[in-house]
Amino acid sequence: MTGAVFSLLHYSVQDGIADIILDNPPANVITPQMTTEYFTALDLANADPEVRIIILSGKGKGLSGGVDLKLLDTYGSTEMKAFLSRFYVEMIDKVRALSKPIMASVHGYAMEGACTLAFACDMVIASDDAKFGYPGVPNLAAPPGMHVWFLQRLIGRMKAAELIYTGDTISATKAESLGMITRVVPREELTTESRKLAAKVAAMSSVGLKAARELIYRMENMDFKTVPGTALDAVALAFASDDSKEARRAFVEKRAPVWTGK
């Protein structure tokens, strides 16, 4: 039992995998309440030593249609900024502060704010019926928030500009070819393939996963002059862990390692 009560998502843990499934029909639109529940679910998964990896997905026709525009239309500028600050700024900070990997499993659609949810994750697996879109300019007459940052780093400024200016959707197949997502699988295999990848990651040392994840984000915008020293420090620190010593012994002895998380 988690002790937490959710009404707009489902949370469960099995075989080292924490599932967070958005459930706010008909389009799983993002609201302040859903944001709060998502934060709670992330905190539960991060604090649970049994959890090795988190999967974010959506119930129904897609991951999410994005932020609830009807709700935003009732807000004044101060209320809107407060909500978007919580969803964009606090959410990104919380996801990046996780001590374990998180992946998005996307079917149907991920629009606007749902792309923020997905691309804030470490990996994205999408079904072949999935579409991604950033309709901020046509629907809000405003830039699509965090996507301006995410898209440029994922696919470069030129292609990002096209998607941002037009608000056109992009298929999962095209997204994979551009390097936006991890892989595309048939719709009927999405759950199986997502859990297969998650299980593979969950079988790794929690110490190794945490160290690798921290280094990925530390190096993301690092000046190259500081990269070699940072990498050396990270590897040296990891080598001192019990799990790293066990990994080396297991490799030499040609057996599966037994992790202790130390």
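Look up: the structure comes first, before these words.
Residues numbered from 1 in each chain as written. Predicted model: local features only at pLDDT ≥ 70, side-chain atom pairs only at ≥ 80, totals over all residues. Heavy atoms only, no water.

*Asks:* What is the right way to read empty space enclosed by the protein from this model?
*Replies:* Once rolled over the atoms, a probe with the size of a water molecule shows which space is left empty. The tally for this structure, following the rule as stated, stands at 1 cavity of 30 Å³ or more. Volume-wise, the largest cavity comes out at about 40 Å³. Forming the walls of the largest cavity are Leu22, Ile30, Met34, Thr35, Tyr38, Phe87, Met91 and Leu117. Put simply, the parts of the chain that give the lining of the largest cavity at least two residues each are α1 (32-47) and α3 (77-96). (1 Å grid on protein atoms, 1.4 Å probe; cavity = no way out; pocket = protein on both sides within 12 Å on 5 of 7 lines; lining within 4 Å. Points joined across faces, edges and corners; volume = space filled by probe spheres on them. Helix = DSSP H or I, 4+ residues; strand = E, 2+ residues; numbered from the N terminus.)

*Asks:* It is not clear to me how the sheet that holds strand β2 (residues 17-22) should be interpreted in this structure. Could you clarify?
*Replies:* Strand pairing in a sheet is mediated by backbone hydrogen bonds. Such pairs are either parallel or antiparallel. With respect to topology, 6 strands assemble into an open sheet ordered β1-β2-β3-β4-β6-β9, the strand pairing being mixed. Each having just a single partner strand, β1 (9-14) and β9 (183-185) make up the two edges of the open sheet. Going across the sheet, the axis of each strand differs from the next one's by a mean of 20 degrees, ignoring polarity. Sheet topology places strand β3 (residues 53-58) next to strand β4 (residues 102-106); 3 bridges connect them, and they run parallel. When the bridges of β4 are listed, Ile54 appears paired with Ile102. Strands in contact with α1 are β1, β2, β3 and β4; relative to β1, the strand with the most contacts, it is inclined by about 10 degrees. (Pairing = 2+ DSSP bridges. Axes fitted to C-alpha atoms, helices over the stretch in contact; angles between N-to-C directions. Contact = heavy atoms within 4.5 Å.)

*Asks:* What exactly am I supposed to notice about the layout of surface pockets here?
*Replies:* A volume near 450 Å³ is recorded for the largest pocket. Along the walls of the largest pocket sit 24 residues, with Cys121, Asp122, Met123, Ile216 and Tyr217 positioned nearest its centre. Those elements that place two or more of their residues in the lining of the largest pocket are α4 (113-119), β6 (123-127), α6 (147-155) and α10 (206-219). It is α10 that provides the largest number of residues to the lining of the largest pocket, a total of 6 residues. Class assignment for the residues of the lining of the largest pocket results in 17 nonpolar, 2 polar and 5 charged. (Nonpolar A, V, L, I, M, F, W, Y, C, P; charged D, E, K, R; others polar.)

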